[in-house]
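Coordinate inspection notes
So you can see what is in the structure, the chains are spelled out below.
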Amino acid sequence: MFKNSISNYVILILSVFILFNVTACVQQTVLQKPQDLTISEGFTNPVGFYDASPTFSWKLPVSENNKSQSAYHIVVASSEDLLPNNPDLWDSKMQESDQSTWINYAGEELESRQKVYWQIKYWNQDGEASDWSAINHFELGLLQNSDWKAKWVGLDTAQDSIRGNEEVLIHKPQYLRKEFEISEDIVEARLYITAKGVFDVSVNGKNVSDDVMSPGFTTYDKRIETLTYDVTDLFKSGQNAIGVEIASGWYSGRLLWGTTPWDNSISPKVLAQLEITLEDGSKEYILSDQSWKGTINGPLQFAEIYDGEIYDANLEMPDWTIADFDDKDWTNVEVSNLDKDVALEPKRHTTVKNKIVLSPKEITQKDGAIIFDLEQNMVGVPLVKVPMKKGDTLTIRFAEMLSPDGTFYTKNYRSAHSTDYYVAAKDGVIEYMPKFTFHGFRFVELSGFDTSKTPKNDWVTGMVQYSDFEDNGSFTSSHDKLNQLQSNIVWGLRGNFLDIPTDCPQRNERLGWTGDAQVFGPTSMFNADVYKFWASWLQSVREAQLEDGAIPWTVPDSRGNKIASSGWGDVGTIIPWKIYMRTGDVGFLGDNFEMMEQWVAYHQKKSKNHISNMMSFSDWLQPYPESGKNTGDTSRNLIGTAFFAHSVKLTAQAAAALGKTEEQAKYQALYKTVASAFDERFFDETGKVKGVTETQTSYLLALAFDLLPESKIENAQANLLRKLKEADYHLRTGFLGTPLLSRVLDDMGEVDMVYQLLFKETYPSWFYSINQGATTIWERWNSYSKTEGYNPMSMNSLNHYAYGAIGEWMYERIAGIAPLEPGYKVIKIAPQPRQPLHSAAASLNTPFGAVSSSWEIVDNSFNLEVVVPPNTSAIVVIPANTQKDLLVDGTIFTSHNDVKLLQKSNATFELEVQPGTYTFQSKLDNQR
Ligand code: RAM
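Values in this document were obtained by computation on a predicted structure and should not be read as measured data.

A separate point is helix H9 (residues 696-704). The buried fraction of H9 amounts to nine of the nine residues, a majority that puts the element mostly inside the structure. Residues of H9 that are buried include every one of Gln 696, Thr 697, Ser 698, Tyr 699, Leu 700, Leu 701, Ala 702, Leu 703 and Ala 704, and no others. Taken from the residues just after H9, Asp 706 is the one with a positive phi, measuring 60 degrees.

Structure, rendered in structure tokens:
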């Protein structure tokens with residue numbers, strides 16, 4: 001009996017043990033939750049969201065179990081409690097699909113202010129299910145003008161008729177406030193707010209956010225963006241106050257040549273709607289209306305984007321954003337209704353913020369002033385903490401570089417005064433950070449401080465400001481100058497992505513030049529998470545497009561000159577296509593398709609027998625122009641016709657991606673017609689440019705855009721090589737030709753030549769500016785030289801991202817990561833190692849997760865480490881002497897579950913690789 005019970009006991013223990021293990025096994029097959037849930041162009045749990053028809057995306061966690069997705073299930077509800085089982089807004093049901101990005105919401109209609117919760121799960125390639133993801137959420141902003149009960153309010157600052165630089169009307173900054181009582185405890189409060197101008201808002205003495213220069217720069221005559229803030233914790237029952245500072249910003253400031261389509265004489269205004277939900281469930285609204293008061297007698301006396309600020313601390317009004325402040329001397333505001341033709345829409349990309357802080361490495365004294373060197377050309381404002389004497393004025397000047405004698409080089413700011421002033425109200429250390437301006441600078445000069453004190457590095461800090469996005473990739477190599485070039489590209493991006501893509505950030509310009517955006521867009525997508533940034537700006541491009549299809553030179557169209565340039569307006573076809581290739585978001589192509597068609601129609605209007613006569617900035621700033629002009633030597637008609645054909649081709653490709661077969665056929669045929677007109681008009685039988693000046697760029701356009709018949713291609717390629725030889729293997733390309741150079745030569749099999757040009761030290765080349773001390777990309781190949789000083793032209797920005805377009809090739813070909821299918825669903829990893837590099841590496845956050853490629857050459861062996869994200873596959877091309885073995889993860893490659901040999905040539909192994917991390921090792925020929 002006893003024995004028996006022991007054996008029963010053993011059996012019991014054993015079965016518990018087995019059961020436990022079986023459960024553990026079952027549990028192991030439950031896949032990890034999906035990660036990085038985002039909506040639309042990559043937003044995570046936004047408040048005040050713009051899109052009532054969002055898309056959903058997620059990533060499969062990296063794990064042995066996750067090669068691909070076989071199905072997904074999305075549930076969407078109006079409250080967290082309803083998930084996952086009772087989704088009242090949308091239940092996608094289990095969908096057999098490998099799509100994990102950009103899935104259209106197809107549920108109940110969503111409304112302004114609505115809170116939405118969502119969750120997803122997926123099944124892997126073996127049909128195993130994941131757990132439900134964490135619950136994500138979003139809350140819509142005010143989507144229609146009719147949601148607004150508030151009115152525009154502000155003071156009439158135009159009446160002061162102050163004329164500033166270039167005789168432009170200057171509006172003094174305003175301080176606006178409102179006090180009110182809240183009778184009950186608050187459950188929730190939202191502040192919806194925007195400005196005609198730029199604003200900074202505080203509540204009960206606290207700043208509502210760290211946003212800078214909101215609401216940003218849009219086509220103000222069509223659309224003004226609004227911000228939504230969760231201000232629940234800032235209000236309390238009892239007396240409360242809200243205070244808003246506003247200045248002209250882009251809206252009524254001094255934009256280039258002042259010929260804005262909107263009216264600079266409109267005084268800046270604010271629109272604010274505070275919606276408070278009280279304990280008892282009722283709602284209270286505090287609206288900007290005639291009860292608000294304002295003054296222009298606050299400390300900020302002047303604020304202008306180009307010119308800087310004047311801040312007089314004697315005029316400070318302590319506690320003006322707190323209740324009980326005495327505003328009896330303040331004026332009643334003027335009130336105006338919403339403009340019915342101007343849409344108020346929630347901001348559709350991130351606000352500008354202080355993103356990086358730089359400390360000066362070196363300070364020097366010069367003529368009573370001190371110069372702080374941040375050792376990096378940057379964009380933003382300084383934070384100054386300086387000892388001063390009462391009544392003195394601190395002058396803060398900026399420069400991107402110094403002249404050889406150590407003085408400030410500011411000629412390239414042109415008429416932008418770009419200087420801040422601070423008037424001290426007492427002795428002691430003051431703290432000041434300009435608010436409604438920004439500067440492009442590496443050097444800061446202070447004068448007017450308390451000279452009895454010894455200057456210290458920490459008197460100045462550089463606050464780097466740009467739209468709030470994170471890095472999206474990295475590139476590095478064994479070569480210092482190439483790494484410096486990468487750094488210069490990234491800093492060019494940071495400096496020119498301040499709400500809109502700008503040509504430059506420092507002079508009296510800083511505009512959304514479309515050509516510059518067109519050439520740099522793809523490179524920016526590697527380096528930063530800027531899909532939302534581009535999608536938002538493209539909305540402005542669509543809004544700025546004129547009735548005849550013309551896309552203005554700058555967007556927003558601050559010049560209002562109603563003409564378009566070839567190669568510039570083509571931003572309307574090139575950026576949608578290039579971004580689609582990197583995101584795979586076909587909806588984005590759909591949003592832009594009509595604009596693409598209209599732009600093509602404009603090309604058509606501007607051409608006769610398919611030869612373009614469109615105005616063009618042409619191959620802008622080509623070096624050594626025979627014509628002596630900024631537009632260079634490549635024929636304007638050739639350029640226009642080439643871009644005509646290219647835009648038509650991209651529109652045909654977009655039509656195909658959108659399933660518009662008729663349009664595809666139509667544009668494909670038109671492309672062929674334009675291409676043959678191009679060939680006939682500009683190329684002779686031997687594949688040589690005829691009738692116009694023969695330039696590197698004319699060949700580049702013909703080859704890059706595929707405009708020549710098969711029979712002429714080889715000769716045209718040879719002619720390009722001849723032109724390069726004539727230039728002693730230097731580029732002779734400007735804004736339009738340069739981005740095509742690497743790709744065309746690469747397609748020709750001339751990777752060696754690309755390396756030669758890229759690593760060239762002499763003018764004109766990328767390293768030339770680095771050798772002269774550049775920390776950003778310059779507008780000109782020779783903006784400055786150590787021997788000859790500054791380029792005498794005043795159009796000489798030292799922070800102009802266009803030539804940084806080479807970054808695309810560095811990622812795609814040196815490190816070797818390129819999308820083979822839109823959105824990197826299939827990735828091509830095909831690094832091109834050459835001397836003088838021993839190693840290079842890049843990583844990139846694709847819509848499916850991180851991909852990376854990292855190689856080094858040790859002795860004669862080529863070592864490559866590759867990461868392929870889940871739910872993708874990669875074609876990996878490994879340079880090798882294929883007579884010798886290839887090692888995969890340290891063992892000789894024969895067969896492998898996740899690696900398949902597709903092809904073997906003399907010089908490469910081509911493999912198909914499933915998600916995972918791998919090392920490959922091949923032997924190279926000696927000459928590499
Ligand atoms: C300059 C801009 C820009 C360029 C145009 C044509 O003023 O800086 O870079 O695109 O001209």
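Further notes follow.
Looking at the protein as a whole, the pLDDT averages 95, with 96% of positions reaching at least 70. Across the protein, the element-wise mean pLDDT spans from 44 in helix H1 (residues 2-28) up to 99 in helix H7 (residues 636-657). With pLDDT under 50 throughout, residues 1-7 is counted as low confidence; its partners more than four residues away or in other chains account for zero contacts. In this model, residues 9-27 is a region of pLDDT below 50 whose contacts with residues beyond four sequence positions or in other chains number zero contacts.

The next point concerns the site of the ligand. Taken together, the residues surrounding the ligand are Asp 503, Arg 507, Glu 509, Trp 513, Asp 516, Trp 568, Phe 617, Trp 620, Phe 735, Glu 779 and His 800. Taking Asp 516, its side chain carries an N or O atom lying 2.6 Å from an oxygen atom of the ligand. Within the contact set of the ligand, an oxygen atom lies 2.8 Å away from a side-chain nitrogen or oxygen of His 800. When the ligand is considered free in solution it has 290 Å² of accessible area, and contact with the protein chains removes 96% of it.

For the peptide bond that leads from Val 555 to Pro 556, omega is -10 degrees, which places it in the cis range. Phi is positive for Glu 375, which is not a glycine, with a value near 60 degrees. Tracing the backbone shows Glu 375 in strand S29 (residues 369-388). Judged by its relative accessible area of 36%, Glu 375 falls in the partly exposed class. Not every positive phi belongs to a glycine, and Tyr 824 is a case in point at roughly 65 degrees. Mapping Tyr 824 onto the fold places it in the loop between strand S44 (817-819) and strand S45 (826-829).

Moving on, we come to the UniProt feature "domain: Alpha-L-rhamnosidase six-hairpin glycosidase" (unreviewed entry) in the protein. As recorded in UniProt, the feature "domain: Alpha-L-rhamnosidase six-hairpin glycosidase" (unreviewed entry) lies at residues 471-814. As a span, residues 471-814 carries 52% helix and 5% strand, and end to end its C-alpha atoms are 20 Å apart.

To continue, consider the pairing of strand S37 (residues 473-477). Every second residue of S37 is oriented toward a common face, the buried set being Gly 473, Phe 475 and Ser 477 and the non-buried set Ser 474 and Thr 476. Bridging between S37 and strand S46 (residues 839-846) involves five bridges; their strand directions are antiparallel. When the bridges of S46 are listed, Gly 473 appears paired with Leu 844.

For the rest of this paragraph, the subject is the sheet that holds S44. Judged by pairing direction, the sheet is mixed, and its five strands sit side by side in the order S44-S45-S49-S53-S52 without closing on themselves. Each of the sheet's edge strands pairs with one partner strand only, and the pair in question is S44 and strand S52 (899-904). Adjacent strand axes in the sheet meet at a mean angle of 25 degrees, parallel and antiparallel pairs treated alike. In the sheet, S44 pairs with S45 via three bridges, with the strands oriented antiparallel. Across the sheet, the residue bridging to Pro 819 is Ile 827, located in S45.

Here the focus is empty space enclosed by the protein. Per the stated rule, a full pass over the model turns up six cavities of 30 Å³ or more. A volume near 70 Å³ is recorded for the largest cavity. In terms of lining residues, the largest cavity is bounded by Leu 485, Ser 765, Trp 766, Ser 769, Ile 777, Trp 778, Arg 780, Trp 781 and Tyr 803. Classifying every residue of the lining of the largest cavity by side-chain character gives six nonpolar, two polar and one charged. What the second largest cavity holds in volume is close to 50 Å³. As for the second largest cavity, its lining consists of Asn 377, Glu 400, Met 401, Arg 442, Gly 773, Ala 774, Thr 775, Thr 776, Trp 778 and Leu 798. The residue makeup of the lining of the second largest cavity, split by class, is four nonpolar, four polar and two charged. Both domains that furnish three or more residues to the lining of the second largest cavity are identified here as domain 4 (353-467) and domain 5 (473-815).

Below, the discussion takes up the pairing of strand S47 (residues 849-858). Inspection of the sheet shows S46 paired to S47 by eight bridges, in the antiparallel sense. If you follow Thr 846 over to S47, its bridge partner there is Gly 849. As consecutive antiparallel partners, S46 and S47 are separated by two residues. Direction of pairing for S47 relative to strand S48 (residues 861-868): antiparallel, over a ladder of seven bridges. Across the sheet, the residue bridging to Ser 854 is Glu 865, located in S48. Between the antiparallel neighbours S47 and S48 lie two residues, among them Asp 859 with a positive phi of about 50 degrees.

Moving on, we come to the nonpolar core. The biggest cluster of nonpolar side chains holds 209 residues, and the ones touching the most others in it are Leu 446, Leu 485, Ile 814 and Phe 920. Take this core: its biggest share by element is eleven residues, from H7. With residues up to four places along the chain from it excluded, the contact list for Leu 446 reads Ala 369, Ile 370, Phe 372, Val 384, Val 386, Leu 394, Thr 395, Ile 396, Trp 459 and Val 460. Counting residues in hydrophobic clusters, the runner-up holds 30 residues, among them Leu 176, Ile 193, Val 231 and Ile 286.

On the basis of which strands lie adjacent, the open sheet formed by three strands has the order S1-S3-S7 and antiparallel pairing. The sheet is open, and its two borders are formed by strand S1 (35-39) and strand S7 (103-104), each paired with just one other strand. Bridge analysis of strand S3 (residues 55-59) against S7 gives two bridges, and the strand direction is antiparallel. Bridge pairing links Thr 55 to Asn 104 in S7.

About the cut-offs
Numbering of residues starts from 1 in each chain and follows the order in which that chain's sequence is written. Confidence filtering applies because this is a predicted model: local features only for residues at pLDDT of at least 70, side-chain atom pairs given and counted only at 80 or more, and all residues used for totals across whole chains, interfaces and linings. Each side-chain value is worked out from all heavy atoms of the structure, with water and hydrogens disregarded. Think of it in three bands: with a 1.4 Å probe and only protein chains considered, a residue is buried below 20% of the maximum accessible area for its type, exposed above 50%, and partly exposed in between. Think of it this way: any DSSP run of H or I at least four residues long counts as a helix, any run of E at least two long counts as a strand, and we number them from the N terminus. Confidence of the predictor at the level of single residues is given by pLDDT, which spans 0 to 100. Throughout, a contact is declared for two residues whenever any of their heavy atoms are within 4.5 Å. To be near a molecule or strand, a residue needs just one of its heavy atoms within 4 Å of it. Two N or O atoms form a polar contact when they lie within 3.5 Å of each other; inside protein one atom must be a possible hydrogen donor and the other a possible acceptor, and for residues adjacent in sequence the pair counts only when both atoms belong to side chains. Only the protein chains shown count as cover for residues, and the accessible areas themselves come from Shrake-Rupley with a 1.4 Å probe. UniProt positions are given in the numbering used here, feature names are shortened, and annotations may be inferred rather than shown by experiment. DSSP-based pairing: two strands are paired if at least 2 bridges between them are found. Angles run from 0 to 180 degrees between N-to-C directions of axes, and those axes are lines fitted to C-alpha atoms, restricted for helices to the stretch in contact. Method remark: on a 1 Å grid restricted to protein atoms, a set of points is classed as a cavity if a 1.4 Å probe fits but cannot get out and as a pocket if it is open with protein on both sides within 12 Å along at least five of seven lines; lining residues have an atom within 4 Å of a point. Grid points are joined across faces, edges and corners, and a volume is the space filled by probe spheres set on the points. Amino acid classes used here: Ala, Val, Leu, Ile, Met, Phe, Trp, Tyr, Cys and Pro are nonpolar; Asp, Glu, Lys and Arg are charged; the rest, including Gly, are polar. By convention here, the domain bounds are inherited from an automatic or database domain assignment. To form a nonpolar core, buried Ala, Val, Leu, Ile, Met, Phe, Trp, Tyr and Cys residues must be joined to one another through side-chain atoms within 4.5 Å.

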